[in-house]
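# Examination of the molecular architecture
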Amino acid sequence: MDNLFNIIFLDEAFEFLSSLDKKHYEKILFNIRKVQIEQDPEIFKKLKEEIWEIRTLYQGLQYRLLAFWDKTDTENTLVISTHGFIKKSRKLPEKEFHRAKQLRTNYFADQVNNK
């Protein structure tokens, strides 16, 4: 089955995942693989503006990876995961949203500069 998108982890997202216990990391990757083949708004949904979240609830912890779409390549749709955190309240912390927006801005600026 074809993936709906490929995912790239920016350094901060990779560092977050690497810092987790192996079973927690594997559960997050399981959820990512799941939404790559079928839409599931319980796991992958748009928050606001261009920022999306990948949600994983595991052993009472709410893991979040923030992400955005890169559709600049017409043949390869990418989801870029900016960073991750453990969510402690019902609302998305504004600092995490702004961090994701800044990483998105930096990503596209780097894409332009590397052409």
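To start, this report covers the structure provided alongside it. Just so it is clear, the model here is predicted, and its values are computed rather than measured.

Here is what the cut-offs are and how they apply
- Residues numbered from 1 in each chain as written.
- Predicted model: local features only at pLDDT ≥ 70, side-chain atom pairs only at ≥ 80, totals over all residues.
- Heavy atoms only, no water.
- Helix = DSSP H or I, 4+ residues; strand = E, 2+ residues; numbered from the N terminus.
- Buried < 20%, exposed > 50% of the residue type's maximum accessible area, 1.4 Å probe, protein only.
- Contact = heavy atoms within 4.5 Å.
- Phe/Tyr/Trp six-rings, centres within 6.5 Å; stacked < 30°, edge-to-face > 60°.
- Core = buried A, V, L, I, M, F, W, Y, C linked by side-chain atoms within 4.5 Å.
- Pairing = 2+ DSSP bridges.
- Axes fitted to C-alpha atoms, helices over the stretch in contact; angles between N-to-C directions.

## Overview of the environment of G84
Along the chain, the position of G84 falls in strand 5 (residues 78–87). Relative accessible area serves as the criterion here: at 11%, G84 is assigned to the buried category. Once the C-alpha coordinates of G84 and E26 are considered, the two residues, 58 residues apart in sequence, prove to be 14 Å apart. The contacts of G84, once residues within four sequence positions are left out, are A13, F16, R64 and L65.

## Describing the packing of aromatic side chains
Summed over all chains, the structure comprises nine aromatic pairs. Taking the centre distance of 5.5 Å and the plane angle of 35° together, the rings of F5 and F44 count as tilted. You can see F5 sitting in the segment before strand 1 (6–9) and its partner F44 sitting in strand 2 (residues 44–48), a full 39 residues away along the chain. For the pair F5 and F44, a shared accessibility class is recorded, and that class is buried. Aromatic rings pair up to connect F5, F44, W52 and W69 into one cluster.

## Some words on the nonpolar core
A general feature of soluble globular proteins is that nonpolar side chains tend to end up buried together. One finds I28, I32, I54 and L65 to be the most contacted residues of the largest nonpolar core, which totals 16 residues. Sorting the residues of this core by element identifies helix 1 (11–18), helix 2 (22–37) and strand 4 (61–70) as the ones contributing at least two each. Among the elements that line this core, the one with the most residues is helix 2, at four residues.

## Observations concerning the sheet that holds strand 3 (residues 51–58)
Strand order in the open sheet made by the five strands is 1-5-4-3-2, with mixed pairing throughout. Unpaired on one side and paired on the other, strand 1 and strand 2 mark the two borders of the sheet. Averaged over neighbouring strand pairs, the angle between their axes works out to 40° when direction is ignored. Packing of helix 2 onto the sheet brings it into contact with strand 1, strand 2, strand 3 and strand 4, and relative to strand 3 it is tilted by some 130°.

Read these as spatial facts, not as claims about activity.
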